[in-house]
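Chain residues, written in single-letter form:
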Amino acid sequence: MRSHIFRRPAAFIAAAAVLAASGCAEASLVNKNSDSSTAAKAASVAKITTVSAGIEPEDIEVGYEQTDSVSITFSENSADAAGNGLTVEGTKVTITAAGTYLLSGSCPDGQVIVDADKDAQVKLVMNGLELSCSDNSAILVTKADKVFILLEEGSVNTVSDGESYSVTGDDNQDGAIFSKADVTINGRGTLNVNGNYKHGVVSKDDLVITGGTVNVTSASSALVGKDCVKISDGTFDISSGTDGIKSTNSEEAEKGYVSISGGSFKI
């Protein structure tokens, strides 16, 4: 498979601008064998309409107050957390309130679940986190208004899921990081995502990335935002079984688009 490397060329930004104005059945950056560039192929699937693809200031802001944060430290058999707004059961941490949570440590079979109020904004600060979940998403957002994943400067963080899930009912988790709310990834650290079951990072709403080094290896798609994917900065190394970056909303004309205005890409 041919590797496509992008470092902000004008032609790529132009193609991304076409995607930013697309309300297509499925806009994607794919990695197929072809003589044409990935960006050109992505643009060719776009159905043109008029949408706003702006990045909100809060998506770029990477600051937080450590004194107002809750620290969560994972180890092989436990998660140590002190503070309000969460519960701990073995190596499973469930966040139930808005706030800032500092994640660190290493655990071979653990999970962070965000199940807060529908209006809650939750910030997950990753600072040397290595977290795997053997039978589900390692980071799972079931309810919130928005979740920020902040990559602490200089940190290396790795999130992995298992090759099969033990999911029952109507749940459809299928990513190492899976969210039913908006997700923003920012900061100046590194995030390694291993999507062993299907996808790497999935948001059933908006997926926004404004910084950091993001490396994704996935059995299926790497970065998925149902309503949109918006990227303004960052360094990306993606190895995916199907699409590299895609948006899937085919029901609303103003959604289902991919907007890329900056960043370096190897897909």
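One numbering rule holds for all chains: residues counted from 1, following each sequence as written. Reporting of local features is limited, given that this is a predicted model, to residues whose pLDDT is at least 70; pairs of side-chain atoms are given and counted only at 80 or more, and all residues count toward the totals for whole chains, interfaces and linings. Computation of side-chain values: all heavy atoms of the structure, hydrogens and water removed.

1. Overview of the overall build of the chain
Then comes step 1: Only DSSP runs of H or I covering at least 4 residues are called helices, and only runs of E covering at least 2 are called strands; the numbering of each starts at the N terminus. Broken down by element type, the chain carries three helices and 24 strands.
Then comes step 2: Counting all 267 residues of the chain, 53% fall into the buried class.
Then comes step 3: Residue contacts are counted whenever heavy atoms from the two residues lie within 4.5 Å of one another. Partitioning the intrachain contacts of the chain with sequence separation of at least 6 by distance along the chain shows that 61% fall at a separation of at least 24.
Then comes step 4: Summed over all atoms, the accessible surface of the chain reaches about 11300 Å², with 43% contributed by carbon and sulfur. Relative accessibility thresholds used throughout: buried, under 20% of the residue-type maximum; exposed, over 50%; partly exposed, between the two (1.4 Å probe, protein chains only). Areas reported as accessible are Shrake-Rupley estimates using a 1.4 Å probe. Residue values count occlusion only from the protein chains shown.

2. Topic: the pattern of salt bridges
Opposite charge on two side chains makes pairing possible when the charged atoms of those side chains draw close.
Then comes step 1: The working definition used for a salt bridge is a side-chain nitrogen of Lys or Arg within 4 Å of a carboxyl oxygen of Asp or Glu. Scanning all chains against the criterion turns up five salt bridges.
Then comes step 2: In this structure, K146 and D59 form a salt bridge, with 2.7 Å as the shortest nitrogen-oxygen distance. With K146 in strand β11 (residues 146-151) and D59 in helix α3 (residues 57-60), this pair connects stretches of sequence that are 87 residues apart.
Then comes step 3: Overall, the relative accessible area of 9% leaves K146 in the buried class.
Then comes step 4: Between D243 and K246 there is a salt bridge whose closest N-O contact spans 3.8 Å. Each member of the pair, D243 as well as K246, carries the same accessibility label: buried.
Then comes step 5: Through salt bridges that share partners, E58, D59 and K146 make up one connected network.

3. Some points on the confidence of the model for the chain
Then comes step 1: Chain-level statistics for the chain give a pLDDT mean of 84 and a share of 78% at 70 or above.
Then comes step 2: Below a pLDDT of 50 lies the segment residues 31-52, which in the model reaches 54 contacts outside its immediate sequence neighbourhood of four places, other chains included. Per residue, pLDDT captures the predictor's confidence, and it can take any value from 0 to 100.

4. Description of the packing of aromatic side chains
Then comes step 1: Aromatic pairing here means that ring centres of Phe, Tyr or Trp (its six-membered ring) are within 6.5 Å. Orientation follows from the plane angle: under 30 degrees is stacked, over 60 is edge-to-face, and everything else is tilted. Under the definition given, this model contains two aromatic pairs.
Then comes step 2: Ring geometry for Y165 against Y197: centres 4.1 Å apart, planes inclined by 25 degrees, an arrangement best described as stacked. One end of the pair, Y165, is in the loop between β12 (156-160) and β13 (175-179); the other, Y197, is in the loop between β15 (190-195) and β16 (199-203), and 32 residues separate them in sequence.
Then comes step 3: The class for Y165 is buried, based on a relative accessible area of 15%.
Then comes step 4: Judged by centre distance (4.7 Å) and plane angle (5 degrees), the rings of F236 and F265 are stacked. Within this pair, whereas F236 is found in strand β21 (residues 235-240), its partner F265 is found in strand β24 (residues 264-266), the two being separated by 29 residues in sequence. As far as burial versus exposure is concerned, F236 and F265 are alike and both buried.
Then comes step 5: Here, a charge over a ring is recorded when the distance from Lys NZ or Arg CZ to the ring centre is within 6 Å and its angle to the ring normal is within 35 degrees. The aromatic ring of F148 is capped on one face by K123, whose charged end is 5.9 Å from the ring centroid.

5. Some points on the pairing of strand β8 (residues 111-115)
Then comes step 1: Of all five residues in β8, four are buried, a share of seventy percent or more.
Then comes step 2: Two strands qualify as a pair provided that DSSP identifies no fewer than 2 bridges between them. As paired elements, strand β6 (residues 92-95) and β8 share four bridges and run parallel to each other. When the sheet's bridge partners are listed, K92 is paired in β8 with Q111.
Then comes step 3: Bridge count for β8 against strand β10 (residues 139-143) is four bridges, and the pairing is parallel. Paired with V114 across the strands is V141, a residue of β10.

6. Things to note about the nonpolar core
Then comes step 1: Definition used in this section: a nonpolar core is a set of buried Ala, Val, Leu, Ile, Met, Phe, Trp, Tyr and Cys residues joined via side-chain atoms within 4.5 Å. Grouped together as the largest cluster of nonpolar side chains are 51 residues, with contacts concentrated most on F74, I95, L124, L223 and I245.
Then comes step 2: Setting aside its immediate chain neighbours within four residues, L223 contacts V201, L207, I209, V216, F236, I238, G244, I245 and K246.
Then comes step 3: Counting five residues, the second-largest nonpolar core is a separate cluster that includes I113, F178, V202 and V224.

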